[in-house]
Amino acid sequence: MLAIGERINGMFREIGRAIRRQDPEVIQRVALRQVEAGADVLDVNVGPTAEDPVAAMVWLVNTIREVTAAPLSIDSTKPEVLRAGLQAAGDRVMINSTTAVPERMAALFPLAAQYNCPIVGLTIDASGVPRDAAGRMEVALQLVAACLEYGVPTDRLYIDPVILPVNAAQHLPTEVFKAIGMCRTLCDPPPKTILGLSNVSQGTTQRSLLNRTCLVMALAHGLDAAIVDVTDEALMEAMIAAEVLLNRQVYCDDFVRAYRAAHAVQG
Ligand code: THG
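On a predicted model such as this, the values are computed, not experimentally measured, just so you know. (Residues numbered from 1 in each chain as written. Predicted model: local features only at pLDDT ≥ 70, side-chain atom pairs only at ≥ 80, totals over all residues. Heavy atoms only, no water.)

1. As for the packing of aromatic side chains
The description of an aromatic ring pair uses the distance of the two centres, along with the angle that the planes make with each other.
So, step 1. Applying the stated rule across the entire model yields two aromatic pairs.
So, step 2. Judged by centre distance (6.1 Å) and plane angle (10 degrees), the ring pair of Phe109 and Tyr150 falls under stacked. Within this pair, whereas Phe109 is found in helix α5 (residues 102-115), its partner Tyr150 is found in helix α6 (residues 133-150), the two being separated by 41 residues in sequence.
So, step 3. Among the residues examined, Phe109 registers a relative accessible area of 0% and is labelled buried.
So, step 4. Summarising the aromatic geometry, the rings of Tyr251 and Phe255 are spaced 6.1 Å apart at their centres and angled 50 degrees between planes, so their arrangement reads as tilted.
So, step 5. Judged by its relative accessible area of 23%, Phe255 falls in the partly exposed class.
So, step 6. Just above the ring of Phe12 sits the side chain of Arg7; from NZ or CZ to the centre is 4.0 Å. (Phe/Tyr/Trp six-rings, centres within 6.5 Å; stacked < 30°, edge-to-face > 60°. Helix = DSSP H or I, 4+ residues; strand = E, 2+ residues; numbered from the N terminus. Buried < 20%, exposed > 50% of the residue type's maximum accessible area, 1.4 Å probe, protein only. Lys NZ or Arg CZ within 6 Å of the ring centre and 35° of its normal.)

Printed below as a string of structure tokens:
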């Protein structure tokens, strides 16, 4: 599974403050800590507070690039912020994210083609988040169609079926798991799937337990990537064990250590 570190997000108070003060040390420490914990990619989101989000994104990307060449997931709802982040990062990027709203897709799929990079497509259209798995598939098909229209290979699309807090909508995780499985049948080669995992536990008192249980269940349905707290050791160990049980990693008695050694970081 592609593990994308979630911590560089202005939603976290420490990160928001570092962005406002342009304090590189906090950002660089959090970037390196995630890479050392096993992040394959770092998500970069300026959060809700930045007053000039384009400048904040460029500063964040440059600050991270001073300490690591890890791939970056440029995370924004605003096309101009995504464009600026991609430009600052150069190669080794992914676009996080587009919805299936046509103007959004027209702005962002050409960027994915230009940068030759993966793009996350949320199953959200003009009427919002669909209520069930079938609704998510209808929106996913529009995202696949946009791949064909704009010349992006379908396996470079990561469909995000959008997981929401379980305490607000308890029937939804089941629909999200079903949607993950159904994405495999959409086209050939099929799109990949991704979740912003920590959404599921927001506002609950058992965050780590819900996160890792949800991750294992999503993996069993075929999930390819997740934006997670890679510093949550129990979560990462559950991910590794699930991959062994799903025959995605070779078994050995010391499989956690072996996984970590194989993913040892080049910075
Ligand atoms: N899909 C995609 N991208 C995403 C999301 C998604 N990017 C953002 C988000 N969702 C994934 N990242 C996070 C990061 C943090 C939290 C949840 C998801 C989180 N933050 C604490 C909270 O809200 O309780 C902040 C606590 C604090 O301030 O310290 O849980 O779904 N494609």
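2. Section: the side chain of Thr63
So, step 1. Looking at where Thr63 falls in the secondary structure, it is placed in helix α3 (residues 53-65).
So, step 2. Under the relative-accessibility criterion, Thr63 is labelled buried at 4%.
So, step 3. Residue contacts for Thr63: discarding those within four places in its chain leaves Pro24, Ile27 and Gln28. (Contact = heavy atoms within 4.5 Å.)

3. A few points about the nonpolar core
So, step 1. Counting residues in hydrophobic clusters, the biggest one holds 77 residues, and the most contacted among them are Ile74, Phe109, Leu215 and Met239.
So, step 2. Here this core gets eight residues from one element, more than from any other, and that element is α6. (Core = buried A, V, L, I, M, F, W, Y, C linked by side-chain atoms within 4.5 Å.)

4. Examining the site of the ligand
So, step 1. The immediate surroundings of the ligand are formed by 14 residues, with Asp75, Asn96, Asp160, Asn199 and Arg207 found nearest.
So, step 2. Note that a nitrogen atom of the ligand is positioned 2.8 Å from one of the side-chain N or O atoms of Asn96.
So, step 3. Here an oxygen atom of the ligand and a side-chain polar atom of Arg207 are 2.6 Å apart.
So, step 4. Contact with the protein chains removes 76% of the 670 Å² of surface that the ligand exposes when unbound. (Near = heavy atom within 4 Å. Polar contact = N/O pair within 3.5 Å; in protein donor to acceptor, adjacent residues only side chain to side chain. Areas by Shrake-Rupley, 256 points an atom, 1.4 Å probe, with all protein chains shown as cover.)

5. A few points about helix α7 (residues 172-183)
For an α-helix, 3.6 residues make a turn, and residues three or four places apart therefore share a direction.
So, step 1. Taking 1.5 Å per residue as the helical rise, α7 with its twelve residues ought to reach 16 Å, and the 17 Å between its terminal C-alpha atoms agrees with that figure.
So, step 2. Within α7, burial applies to Leu172, Pro173, Glu175, Val176, Phe177, Ala179, Ile180 and Cys183. (Expected span 1.5 Å × (residues − 1).)

6. Considering the sheet that holds strand β5 (residues 119-122)
So, step 1. Pairing within the closed barrel is parallel, and its eight strands lie in the order β1-β2-β3-β4-β5-β6-β7-β8. For this sheet, the mean inter-axis angle between neighbouring strands, taken without regard to orientation, is 25 degrees.
So, step 2. Across four bridges, the pairing between β5 and strand β6 (residues 157-160) is parallel. Looking at β6, one finds that Ile119 is bridged to Leu157.
So, step 3. Where α3 meets the sheet, its contacts fall on β2 (41-44) and β3 (72-75), and the angle it forms with β3 comes to roughly 170 degrees. (Pairing = 2+ DSSP bridges. Axes fitted to C-alpha atoms, helices over the stretch in contact; angles between N-to-C directions.)

7. Examining the packing of helix α9 (residues 233-245) against helix α10 (residues 255-262)
So, step 1. It is at 10 Å that the axes of α9 and α10 come closest, and there the two elements cross at 100 degrees. When the interaxial angle is binned, α9 and α10 end up roughly perpendicular. Contacts between α9 and α10 involve Met236, Glu237, Met239, Ile240, Ala241, Glu243 and Val244 from the former and Phe255, Val256, Tyr259 and Arg260 from the latter.
So, step 2. Of the residues that constitute the contact of α9 with α10, the class distribution is eight nonpolar, no polar and three charged. (Parallel < 35°, antiparallel > 145°, perpendicular 65-115°, else oblique. Nonpolar A, V, L, I, M, F, W, Y, C, P; charged D, E, K, R; others polar.)

8. Describing the state of the cysteines
So, step 1. In this structure the tally under the stated criterion is zero disulfides.
So, step 2. Cys183 carries a free sulfur, and the closest cysteine sulfur to it, the one in Cys187, is 9.0 Å from it.
So, step 3. What makes Cys183 buried here is its relative accessible area of 1%.
So, step 4. Looking at the unpaired Cys214, the closest cysteine sulfur is the one in Cys183, lying at 15 Å. (Disulfide = S-S within 2.5 Å.)

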